Amino acid sequence: MMRRGFYGFLIVAVGCCWLWAGTPCEAAPYIYRASPSTGPGDTAYVSGEQLDEVTEVRLTMNLQPTIGPFSLDIVQRTATSLKFRVPPKVPVGIYHLKLLYPGGVLEAALNEPQVFWLQGEGKNRFAPGDRLMLFGRNIAGGAKARLVLRNVRSPDLSFVPDATDKWSLAATLPGDIADGTYRLALDPGLPGGEEDYPVGDIVVERGGSSVASQYDVRQFGATGNGRTDDTLAFRKALTAAAESSAGTGRGAVVRVPGGRYLLSGNVEIAPGVSLRGDGEDLTSLAWLDSDRPPDALIAGEKAFSVESLTIFASAHRYVISGGYANNEPVAEARDISVRHVRIRASVFRGHLDVDGTQKVLSAMKATYPDMPTALRLSGERVRIEDNDIISSGGAFSLGGGRDVIVRNNRFGNGRYGWYSISGCDRVIVEDNEFFAADLQGTGGGINTLAHLNGASGHFSTSENIVVRRNDFHDMYGWDREAMTTDGPGGAYYGKARPLDGRHVQFAAVADKSDLARFVGMGLFFVEGQGAGQWAQIVSAEQDADGVVVEVDRDLHFPPRAVATISICDLQRHYLILDNVFRDTGVAFQVYGVGAEHVIVGNLSERTGGFILQGIWYHQFQPIVDVLVENNLLRDASVYRAGPDGSVLFGRSVIAIKAIRGDRDGGLGPFVRDITVRGNDLSQGAVIELYVQDPSSPGIENVVIEKNKISEAVTRLHGANAAGIYVSDNLISTVN
């Protein structure tokens, strides 16, 4: 991903005189969070405050009278974290903890289901027989998992999922279920748990059936002979289809029979209309060259599809654009599909010498802010499935998409191009192939950068994205990052005062119109009282005393507490599972802010590895609560790899880094609460901790255990870190 400047506003209020004075009261130990995934014999942690006062940890399992209680070995104790070993003979399940300290008891649980999101054909509306999917941590324990639907007018309905694992569940709603609103609950099928855990409400609603009107472009004058310009015929057919479907709810199909159709201008697809060929091998569309091609060759704002055809172009910006108007996302964009489409779009066709290639590049950069992209889509319920796409620049960009599925595609980035998932929520990216179709092509990633889609500004949030079973390979240009996060800057860094569990106050902003920018962002306590807590902002107001933001969860502070906070774009709940990364500069990288990510079961060959990099990226951007588990780093020698291509000749790593840039020292930890467990780095890869500023602890509370590593865990640059626990790693020295 190309690193860009900060687009937004930033308030830095270090040492501002407006902050209230006061002395905090004495407080008891308190837990912020616990290990995300822990099995028998594993080291678990809880993080919080004053945990060094805990004297004993006891473990039990609900409804398991023969198991426990166990008094656990405390293996590391600090004020902000406590680590202890789960007995090796207890079964896999949900563990309940009691932490004893002078004057009281804390309770916590390990491995309880944490549902990040629910996804189906719509946000929360389903028809009988629809597929329903849950994603998160500790979702299911195998064959005993169940889903339960509750409705006040009918008995509870329990049914078995089609497929489950630790991070996801897929199920088919019963075909005979009645319409109505149901409360969905999950029984994970794990010993020691409750009977079920609430997920949320869903609406079951049978849709009406309708027959779409059919139109044939040949009826409107298209020849399909590959020589005659058929643009006008396509426009007439699409206009007729739009007029017939408008207001009827029936939809219309414009059929493009097998043939070769030559086009010279853009075509617009109205809501409810599908442009459908007879198959990629039979129906082909090609655009004539132009010095000023249209903004998009095919465009629509909402509720349209392009299916079963091939597109050729050698002059383009966007080949297909959906959900945008005047380069900004359309708020009501929805139901956009691109399926079974082959795209071969290259501005570099022909016998170009060095000067000719440079001329094309210069013309593109003068015309477009970013390189040409094959697909640019936004909106609810976007589907990109079974396509084969090679582009002059980027293969695709998603901006502000919700309930998106990107499945079973082949994506080839062109020169300086990347794929981008920007500001999206509830996205499934699975079973795709990603590669660079040019030696100067690079990778892509997940971010909050609206400008990558030709729009303005930033997105405040990017969340709930699963990337699984994909093949990323052969990326040799630019920074070579197969999958990276990105989103520079933020909205506020400085002192703050919690008013109560849900409201925090800080310095006023100069322009009250900026208050809307805060909503959806992450608020992270990075220094002082309550450091390590975070929440999402749901509202913001300003009065005479400053800005007051409301957050989505209860925070814990002593009265009149004072803390340093960072408010920045929130990136959370990324599940990076069972992918293959080969010959890329980085496999997966968290570059800046990140919370509650899972990186499990991936294969790296000749990549820079898996990197968590908390940084000052135009503002303090922390990483909190990440699991890196059971990844295999094989064939670990790399050349011109690493973040931003910073490693000339080195080896693959699992790295945890705290980079303060040119800021003065004394900043709080950039990275907290990380588990690195069960990874295989035995073929020359290493685990590294790096803190740029050795005068302050840049990394806090990390468990590194049960990994196969080629040499001992390395602390670089005199890395200052607190609460690092390294245990039970198998070390085999590799020269």
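Residues numbered from 1 in each chain as written. Predicted model: local features only at pLDDT ≥ 70, side-chain atom pairs only at ≥ 80, totals over all residues. Heavy atoms only, no water.

**A word on the overall build of the protein**
Scanning the protein for helices and strands turns up 3 helices and 70 strands. Its C-alpha radius of gyration of 27 Å places the protein within 12% of the 27 Å reference for a compact globule of 735 residues. Each principal axis of the C-alpha atoms in the protein carries an extent, and together these give about 85 × 70 × 60 Å. Of the contacts made within the protein by residues no fewer than 6 positions apart, 70% connect residues no fewer than 24 positions apart. (Helix = DSSP H or I, 4+ residues; strand = E, 2+ residues; numbered from the N terminus. Rg over C-alpha atoms; globule rule 2.2 N^0.38 Å. Contact = heavy atoms within 4.5 Å.)

**Quick word on unusual backbone geometry**
Among all residues except glycine, the phi angle is most often negative; among peptide bonds, the trans geometry is most common. With an omega dihedral of 0°, the bond running from Gly68 to Pro69 counts as a cis peptide bond. With a phi close to 75°, Asn111 is a non-glycine residue in the positive phi region. Within the fold, Asn111 resides in the loop between β9 (104–110) and β10 (114–119). Look at Asn111 and you get buried, because its relative accessible area is 5%. Even without glycine at this site, Glu596 takes up a positive phi of about 60°. Of note, Glu596 is situated in strand β54 (residues 594–600). When its relative accessible area of 8% is taken as the criterion, Glu596 is described as buried. (Buried < 20%, exposed > 50% of the residue type's maximum accessible area, 1.4 Å probe, protein only.)

**Brief notes about the nonpolar core**
Judged by nonpolar contacts, the single largest core of 104 residues is most densely connected at Ile343, Leu398 and Ile699. Here this core takes 6 residues from helix α1 (residues 231–245), the largest share from any one element. Not counting residues up to four positions away in its chain, the partners in contact with Ile699 are Ile656, Ala658, Pro669, Val671, Leu689, Tyr690, Val691, Asn720, Ala721, Ala722 and Ile724. Counting residues in hydrophobic clusters, the runner-up holds 24 residues, among them Val504, Phe506, Ala540 and Val551. (Core = buried A, V, L, I, M, F, W, Y, C linked by side-chain atoms within 4.5 Å.)

**Notes on α1**
Relative to the 21 Å expected for 15 residues at 1.5 Å per residue, α1 spans 21 Å between its end C-alpha atoms, a close match to the ideal helical length. The set of residues buried in α1 consists of Thr231, Ala233, Phe234, Ala237, Leu238, Ala240, Ala241, Ala242, Ser244 and Ser245. Looking one or two residues beyond α1, the residue adopting positive phi is Gly247, at roughly 75°. (Expected span 1.5 Å × (residues − 1).)

**What about the environment of Gly723?**
Tracing the backbone shows Gly723 in strand β69 (residues 721–727). The sequence separation of Gly723 and Lys83 amounts to 640 residues, and the corresponding C-alpha distance is 8.9 Å. Those residues in contact with Gly723 that lie beyond four places of it in its chain are Gln76, Thr78, Lys83, Asn701 and Val702.

**Some remarks on the pairing of strand β42 (residues 461–468)**
Within β42, 8 of the 8 residues are buried, which leaves the element mostly enclosed by the surrounding structure. One ladder, built from 5 bridges, connects strand β39 (residues 425–430) with β42; its direction is parallel. Note that in β42 the partner of Val429 across the bridge is Val467. The pairing of β42 with strand β51 (residues 570–577) spans 7 bridges and is classified as parallel. Bridged to Arg468 within β51 is Leu577. (Pairing = 2+ DSSP bridges.)

**Considerations on the confidence of the model for the protein**
With 93% of its residues at a pLDDT of 70 or more, the protein shows a mean pLDDT of 89. Low pLDDT (under 50) marks residues 4–25, which in the prediction has 63 contacts with non-local residues, meaning those over four places away or in another chain. (pLDDT = per-residue confidence, 0-100.)

**Here we look at the sheet that holds strand β4 (residues 56–60)**
Backbone hydrogen bonds are what pair the strands of a sheet, in a parallel or an antiparallel way. Spatial ordering of the open sheet is given by β5-β4-β8-β9, a layout of 4 strands whose pairing is antiparallel. The sheet is open, and its two edges are formed by β5 (70–71) and β9, each paired on a single side. In the sheet, strand β8 (residues 95–101) pairs with β9 via 7 bridges, with the strands oriented antiparallel. By the bridge assignment, His96 is partnered in β9 with Ala109.

**As for the packing of aromatic side chains**
Applying the stated rule across the entire model yields 23 aromatic pairs. Between Phe396 and Phe411, the aromatic rings sit 4.6 Å apart at their centres with planes inclined by 45°, giving tilted as the arrangement. Highlighted residues: Phe396 in strand β35 (residues 394–399) and Phe411 in strand β37 (residues 410–413), separated in sequence by 15 residues. Comparing Phe396 with Phe411 shows no difference in burial state: the two are buried. Judged by centre distance (6.0 Å) and plane angle (5°), the ring pair of Tyr493 and Phe620 falls under stacked. Taken as a pair, Tyr493 in strand β45 (residues 492–500) and Phe620 in strand β57 (residues 620–621) lie far apart in primary sequence, 127 residues in all. Look at Phe620 and you get buried, because its relative accessible area is 0%. Taken together, Phe396, Phe411, Tyr419, Phe434, Phe472, Phe581 and Phe610 form an aromatic cluster joined through their ring pairs. (Phe/Tyr/Trp six-rings, centres within 6.5 Å; stacked < 30°, edge-to-face > 60°.)

**Re the state of the cysteines**
Counted under the stated rule, the structure contains 0 disulfides. Cys424 carries a free sulfur, and the closest cysteine sulfur to it, the one in Cys568, is 19 Å from it. Using a relative accessible area of 0% as the deciding quantity, one classes Cys568 as buried. (Disulfide = S-S within 2.5 Å.)

**Focus on the pairing of strand β66 (residues 699–705)**
Burial runs high along β66: 7 of the 7 residues are buried. Bridge count between strand β63 (residues 671–677) and β66: 6 bridges; the pairing is parallel. Along β66, the bridge assignment pairs Arg672 with Glu700. Sheet analysis places β66 next to β69, joined by 6 bridges and oriented parallel. By the bridge assignment, Glu700 is partnered in β69 with Ala722.

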